Amino acid sequence: MFINNCIDIINKYGSSLMLGVRTTLIVALTGTAFGLVLGLLVGGFRAVQLDYTASPAAVFVKKLFNLIANIYITIFRGTPMMVQAVFIYYALLNVIHWDTLTAAIVVISVNTGAYMAEIIRSGIQAVDPGQTEAARSLGMSNAQTMLGVVLPQAIKNAFPAIGNELIVNIKDSSVLMIISITELMFQAKSIAGSTFHFTETYFLEAVIYLILTSIASLILNSIEKRMNQSENRTLKLPMSDTDPKSIGYSKVAEKE
């Protein structure tokens with residue numbers, strides 16, 4: 001009976017479920033991408049350390065930005081996404097008259113940006129300070145050092161956490177049905193209300209979410225392995241001929 005009901009739901013409402021999957025992926029992927037950009041900006045500026053040559057104006061701007069960033073991160077990490085969605089959607093509805101899909105993408109983007117900012121900041125702090133010192137000794141500015149040296153390494157260090165945010169967003173997008181966006185949870189609720197097969201409908205929904213997150217995990221793990229293999233292929237050699245690990249030292253030893 002249970003299996004038959006599941007098959008009937010798939011046959012009758014499969015297109016509706018696929019529409020929900022498409023909307024869920026659009027919101028999750030777009031929101032994660034925009035959230036990453038926002039997190040790079042906020043986390044990058046928060047991680048920048050001003051030296052003694054900074055002007056009073058630069059110091060003031062940095063402190064003001066840190067204050068605003070801290071408030072933003074505290075609010076969006078400390079309140080549920082469902083509450084954020086309802087407040088932002090209805091607060092701006094009469095101002096910009098937006099649709100629910102746009103509102104959902106904005107909500108998940110700013111929510112993800114708060115988490116990404118902390119992820120990026122921790123990734124930047126994990127980069128060896130010697131990298132920054134070496135870049136500055138070559139005459140690179142703070143911006144050049146951050147964009148060309150530090151951020152690429154920070155993103156690589158933080159990639160597992162960034163990928164985890166995508167998986168979380170695929171699941172957490174379900175709360176956005178509160179603003180009537182036609183994502184997977186909204187479609188499942190509508191189907192369950194029409195068929196009264198609540199157990200079967202939500203079982204199928206759970207299976208679909210599991211498939212989506214499993215595929216995302218496989219793709220992210222593959223990308224991470226490629227990044228690690230690329231790093232392992234990079235040959236780093238000691239510069240000193242007196243270092244026993246150096247090729248130069250080995251050649252000298254062979255001659256002797």
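Keep in mind the model is a prediction, meaning the values are calculated, not measured.

**Some thoughts on the packing of aromatic side chains**
Inference 1: What the rule picks out here adds up to six aromatic pairs.
Inference 2: Measuring from ring centre to ring centre gives 5.3 Å for Phe2 and Phe203, while their planes differ by 65 degrees; the resulting arrangement is edge-to-face. You can see Phe2 sitting in helix 1 (residues 2-47) and its partner Phe203 sitting in helix 8 (residues 198-232), a full 201 residues away along the chain.
Inference 3: Using a relative accessible area of 34% as the deciding quantity, one classes Phe2 as partly exposed.
Inference 4: Where Tyr89 meets Trp98, the ring centres are 6.5 Å apart and the plane angle is 15 degrees; that geometry is what we call stacked. Both residues of the pair, Tyr89 and Trp98, count as buried.
Inference 5: The structure contains a cluster of three or more aromatic residues connected by ring pairs, namely Tyr89, Tyr90 and Trp98.

**Describing helix 7 (residues 184-195)**
Inference 1: For helix 7, which comprises 12 residues, the first-to-last C-alpha distance of 16 Å matches the rise-based estimate of 16 Å (1.5 Å per residue) to within 8%.
Inference 2: A distance of 2.9 Å separates the backbone nitrogen of Met185 from a side-chain oxygen at the start of helix 7, and that oxygen is part of Glu183.
Inference 3: Remark: Phe196 follows helix 7 within two positions and exhibits a positive phi of approximately 65 degrees.

**A word on the side chain of Ser173**
Inference 1: For Ser173, the position within the fold is in the loop between helix 6 (142-172) and helix 7.
Inference 2: Note on Ser173: relative accessible area 1%, which makes it buried.
Inference 3: Among the polar contacts listed, one links the side chain of Ser173 to the backbone oxygen of Ile170, at a separation of 2.9 Å.
Inference 4: Apart from residues no more than four positions distant in its own chain, Ser173 is found in contact with Thr24, Ile108 and Glu183.

Conventions and cut-offs
- Residues numbered from 1 in each chain as written.
- Predicted model: local features only at pLDDT ≥ 70, side-chain atom pairs only at ≥ 80, totals over all residues.
- Heavy atoms only, no water.
- Phe/Tyr/Trp six-rings, centres within 6.5 Å; stacked < 30°, edge-to-face > 60°.
- Helix = DSSP H or I, 4+ residues; strand = E, 2+ residues; numbered from the N terminus.
- Buried < 20%, exposed > 50% of the residue type's maximum accessible area, 1.4 Å probe, protein only.
- Expected span 1.5 Å × (residues − 1).
- Polar contact = N/O pair within 3.5 Å; in protein donor to acceptor, adjacent residues only side chain to side chain.
- Contact = heavy atoms within 4.5 Å.

Honestly, it's all geometry; don't read function into it.
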